[in-house]
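Observations on the three-dimensional arrangement
Each chain, written out:
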Protein chains: 2
Amino acid sequence: MLIEIIGYCAGALTTISFLPQVIKAWKTHSTKDISLSMFLMFTIGVSLWLVYGIMIYDIPIIIANTVTVLLAAATLSMKFKFG
Amino acid sequence: MLIEIIGYCAGALTTISFLPQVIKAWKTHSTKDISLSMFLMFTIGVSLWLVYGIMIYDIPIIIANTVTVLLAAATLSMKFKFG
């Protein structure tokens, strides 16, 4: 039970954590210090986690990675736009 | 087999992706555009994933999250230092 709670907290935190970065980049229109390589690799990696979740049909993996891939892709697209 | 390869690629990419951000912040000494909230929440979240991995004794989770927590904490400490 405690193990499950820790797992859910971990998943919630690592997923939601990308939201403040999206908001910051959106507000400031500045993404100079953000690593393009990081968000490129991360977005591809999370997309693969999503494919993995779909293939093994694991709902928590599918939900967490759908949210994360949207937030990571939003940051990535702003990095492309703002430089 | 294909599913496992996708899982390993996903894990490797999302783990290693944080390295270019550490290198960029280290080289430029500039972290203004990086969200403090993001790296704070992410570092705590990955630490919890590590605790989770230790509790269920899952070696891939332990290895991936040990590397990620070190890279995320390095970025976070530079964010604190460089502002």
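These notes cover the structure that comes with them.

Cut-off values and rules
Residues numbered from 1 in each chain as written. Chains lettered and ligands numbered in written order. Predicted model: local features only at pLDDT ≥ 70, side-chain atom pairs only at ≥ 80, totals over all residues. Heavy atoms only, no water. Salt bridge = Lys/Arg side-chain N within 4 Å of Asp/Glu carboxyl O. Buried < 20%, exposed > 50% of the residue type's maximum accessible area, 1.4 Å probe, protein only. Helix = DSSP H or I, 4+ residues; strand = E, 2+ residues; numbered from the N terminus. Contact = heavy atoms within 4.5 Å. Phe/Tyr/Trp six-rings, centres within 6.5 Å; stacked < 30°, edge-to-face > 60°. Least-squares fit on C-alpha atoms with pLDDT ≥ 70 in both. Buried area = accessible area lost by both parts, 1.4 Å probe. Polar contact = N/O pair within 3.5 Å; in protein donor to acceptor, adjacent residues only side chain to side chain. Axes fitted to C-alpha atoms, helices over the stretch in contact; angles between N-to-C directions. Parallel < 35°, antiparallel > 145°, perpendicular 65-115°, else oblique. Left-handed = near helix turned anticlockwise from the far one by under 90°.

So, about the pattern of salt bridges. Pairing is possible between side chains of opposite charge, provided their charged atoms come close. Residue and element names in this part refer to chain A. In this structure the tally under the stated criterion is 2 salt bridges over all chains. With a shortest N-O distance of 2.9 Å, Asp33 and Lys32 are connected by a salt bridge. According to the relative accessible area criterion, Asp33 is buried, its value standing at 3%.

Turning to the environment of Leu71 of chain A, a few remarks are in order. Residue and element names in this part refer to chain A. Its location among the elements puts Leu71 in helix α4 (residues 59-82). Exposure remark for Leu71: the relative accessible area of 14% places this residue in the buried category. Spatially, the C-alpha atom of Leu71 lies 6.0 Å from that of Phe18, the residues being 53 residues apart in sequence. Leu71 has contacts with Thr15, Phe18, Leu19 and Val22, leaving out every residue within four places of it along the chain.

Another point: unusual backbone geometry. All names here are of chain A. With phi around 55°, His29 is a residue other than glycine that occupies positive phi space. Looking at the secondary structure, you find His29 in the loop between α2 (18-28) and α3 (36-55). Residue classification places His29 among the partly exposed positions, given a relative accessible area of 47%.

All names here are of chain B. Here the structure, examined in full by the defined rule, presents 8 aromatic pairs over all chains. Taking 4.7 Å as the distance between ring centres and 25° as the angle between the ring planes, the aromatic pair formed by Phe18 and Phe42 counts as stacked. Here Phe42 lies in helix α3 (residues 36-55) and Phe18 lies in helix α2 (residues 18-28), a separation of 24 residues in the sequence. Residues Phe18 and Phe42 agree in their burial class; the two are buried. With a centroid separation of 5.5 Å and 80° between ring planes, the pair formed by Trp49 and Tyr52 is classed as edge-to-face. Residue Trp49 and its partner Tyr52 are both found in helix α3; the two are separated by 3 residues, about one turn of the helix.

Overlay of chain A on chain B (RMSD 0.0 Å): rotation 180°, translation along the axis 0.0 Å. Here the two chains are linked by the operation of a two-fold rotation axis. In terms of proximity to the rotation axis, the leading residue of chain A is Asp33 of chain A, whose C-alpha is 2.6 Å off the axis. In this assembly, 100% of the residues forming the interface of chain A have copies in chain B that are likewise at the interface, indicating an isologous arrangement.

Residue and element names in this part refer to chain A. Relative to the helices and strands, Leu76 is located in helix α4. The class of Leu76 is buried, set by a relative accessible area of 9%. Expressed as a C-alpha distance, the spacing of Leu76 and Ser35, which sit 41 residues apart in the sequence, is 9.4 Å. Filtering out sequence-adjacent residues up to four positions away, Leu76 remains in contact with Leu36, Phe39, Leu40 and Thr43.

Turning our attention to the interface of chain A and chain B. On the side of chain B, 36 residues touch chain A, which itself brings 36 residues to the contact. Taken together, the two surfaces of chain A and chain B that pack against each other cover about 3,200 Å², and 77% of this comes from carbon and sulfur. Counting the surface chain A buries against chain B, the share from its top three residues, Asp33, Met38 and Met41 of chain A, is 20%. For the pair chain A and chain B, the interface holds 0 salt bridges. At the surface where chain A touches chain B, the tally comes to 15 residue pairs in polar contact (both at pLDDT 80 or more).

Let us look at the packing of α2 of chain B against helix α4 (residues 59-82) of chain B. Residue and element names in this part refer to chain B. At a closest axis distance of 9 Å, the pairing of α2 and α4 adopts a crossing angle of 25°. Judged by the inter-axis angle, α2 sits roughly parallel to α4. Judged by the twist between their axes, the crossing of α2 over α4 is left-handed. Contacts between α2 and α4 involve Phe18, Leu19, Gln21, Val22, Ala25 and Trp26 from the first element and Thr68, Leu71, Ala74, Thr75, Met78 and Phe82 from the second.

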